[in-house]
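# Per-entry structural report
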Amino acid sequence: MSLNWGPKSNRSIKRQKSNDLHDEKELEHIPCLFLPCEDGGNKVVIYFHGNAEDIGLAFDLLYMFGAEMQMHVLAVEYPGYGLYKTSKPDEEKMKEDADAIYDYLTQVVGIKESDIILFGRSMGSGPTSYLASRKECHSLLLMSPYMSIKDAAKSLLGWASFLSVIVYERFRNVDLIAQAKCPVFFLHGQRDTLIPPHHSVELNRVCPRESFLHLPADMDHNEFKLMDDLVQPFRTFISQLEAP
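Attention in this report is confined to the structure presented alongside it. Quick caveat: nothing in here was measured; it's all calculated off a predicted structure.

### Focus: the pairing of strand E5 (residues 116–121)
- Most of E5 is tucked away, with six of its six residues classed as buried.
- Where burial is concerned, the two faces of E5 agree: the one with Ile-116, Leu-118 and Gly-120 and the one with Ile-117, Phe-119 and Arg-121 are both buried.
- In this structure, strand E3 (residues 44–48) lies alongside E5, joined through five bridges in parallel fashion. Counted as the bridge partner of Val-45 is Ile-117 from E5.
- By the bridge criterion, five bridges tie E5 to strand E6 (residues 139–143) in an arrangement that is parallel. The partner of Gly-120 across the bridge, within E6, is Leu-142.
- Crossover connection from E5 via helix H3 (residues 125–132) to parallel E6: handedness right-handed.

### Observations regarding the pattern of salt bridges
- Counted by the stated rule, this structure contains 10 salt bridges.
- Residue Arg-205 is joined to Glu-202 by a salt bridge in which the shortest nitrogen-to-oxygen separation is 2.7 Å. A residue pair is termed a helical-turn pair when its members lie 3 or 4 positions apart in one helix, as Arg-205 and Glu-202 do in helix H6 (residues 198–206) at three residues.
- Of the charged contacts, one joins Glu-210 and Arg-209 as a salt bridge, the two residues approaching to 3.1 Å between their closest N and O atoms.
- Classification of Arg-209 by relative accessible area gives partly exposed; the value is 32%.
- Overlapping salt bridges bring together Lys-43, Asp-115 and Glu-242 as one network.

### Overview of the packing of aromatic side chains
- Evaluation of the coordinates by the stated rule reveals 10 aromatic pairs.
- With a centroid separation of 6.3 Å and an interplanar angle of 25 degrees, the aromatic rings of Phe-48 and Tyr-78 are classed as stacked. With Phe-48 in strand E3 and Tyr-78 in the loop between strand E4 (72–76) and helix H2 (91–109), this pair connects stretches of sequence that are 30 residues apart.
- Exposure remark for Tyr-78: the relative accessible area of 2% places this residue in the buried category.
- Within the aromatic cluster, the residues linked to one another by ring pairs are Tyr-47, Phe-65, Phe-119, Phe-185, Phe-212, Phe-234 and Phe-237.

### As for helix H1 (residues 59–69)
- Three or more residues of H1 are buried, namely Leu-61, Leu-62, Phe-65, Gly-66 and Met-69. Down the axis of H1, the smallest arc covering the buried residues is 120 degrees, so these residues share one side.
- Where H1 ends, the next residue or the one after it, Gln-70, has phi of about 55 degrees, a positive value.

### Description of unusual backbone geometry
- Positive phi is not limited to glycine here, since Gln-70 has a value of about 55 degrees.
- Assignment of secondary structure puts Gln-70 in the loop between H1 and E4.
- When its relative accessible area of 44% is taken as the criterion, Gln-70 is described as partly exposed.
- The backbone of Ser-144 sits at a positive phi, close to 55 degrees, despite the residue not being glycine.
- One can find Ser-144 in the loop between E6 and helix H4 (149–157).
- We classify Ser-144 as buried; its relative accessible area is 0%.

### Description of the nonpolar core
- Counting residues in hydrophobic clusters, the biggest one holds 39 residues, and the most contacted among them are Ile-46, Ile-101, Leu-105, Ile-116, Leu-118 and Leu-140.
- When residues of this core are assigned to their parent elements, the largest contribution, five residues, is made by H2.
- Other than its neighbours up to four places away in sequence, Leu-105 contacts Val-44, Ile-46, Leu-74, Gly-110, Ile-111 and Ile-116.
- Formed by 26 residues, the second largest nonpolar core is a distinct cluster that contains Ile-55, Phe-185, Met-219 and Val-231.

Cut-offs used in this document
Residues numbered from 1 in each chain as written. Predicted model: local features only at pLDDT ≥ 70, side-chain atom pairs only at ≥ 80, totals over all residues. Heavy atoms only, no water. Buried < 20%, exposed > 50% of the residue type's maximum accessible area, 1.4 Å probe, protein only. Helix = DSSP H or I, 4+ residues; strand = E, 2+ residues; numbered from the N terminus. Pairing = 2+ DSSP bridges. Right-handed = clockwise from strand over helix to strand, strands pointing away. Salt bridge = Lys/Arg side-chain N within 4 Å of Asp/Glu carboxyl O. Phe/Tyr/Trp six-rings, centres within 6.5 Å; stacked < 30°, edge-to-face > 60°. Arc of directions from axis to C-beta. Core = buried A, V, L, I, M, F, W, Y, C linked by side-chain atoms within 4.5 Å. Contact = heavy atoms within 4.5 Å.

Purely geometric stuff here, so don't read any function into it on its own.
As structure tokens, then:
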């Protein structure tokens, strides 16, 4: 396990020096948690977590998932979460960070796009769906995704759904998935009352690539069975994709 600081774009700042203003560059970094596969797998999973966690809280899930799937895992932090205090939560910054991490792995580290799997849980389905609409990676795994932040708000508000008009449209996954450039695996619990499973049903419907919709009967938004609900179905999906 290692805590890494992924590169991000430079930003200009001004400092007072000898009564003159000089432009300097301050390099901002993205906190990431890297969990290498000890058995030497060649696939790298880029994980974007849910709203109620940070990369530290995601450790147990990712460690077990990586070990079972024999894949390396890189968890990316969001602006304003955990150790990432230099920026505030913002859709554009999240997209910029997602691009920076992906491009760093492919262009600097030299990882093939065909060896990258995107894994987005709940809120993390936004940046991963964004990447999948732009990058030709191996596949996308979406766990409890939403059609859009506004649609998720309607589900959360229930009888007061008319209040969703004040919720700005952010990460319209339903539009991004319609442009997916890789196969997509959807995992959504039938007991999920936070983001109901019809979100995944609709996302699967508009997906233009190979896709599979898995709806475990006993899974809700937070509680699920690692092997039965996630690892084994996704492993089968991967095997079918890679079958000759």
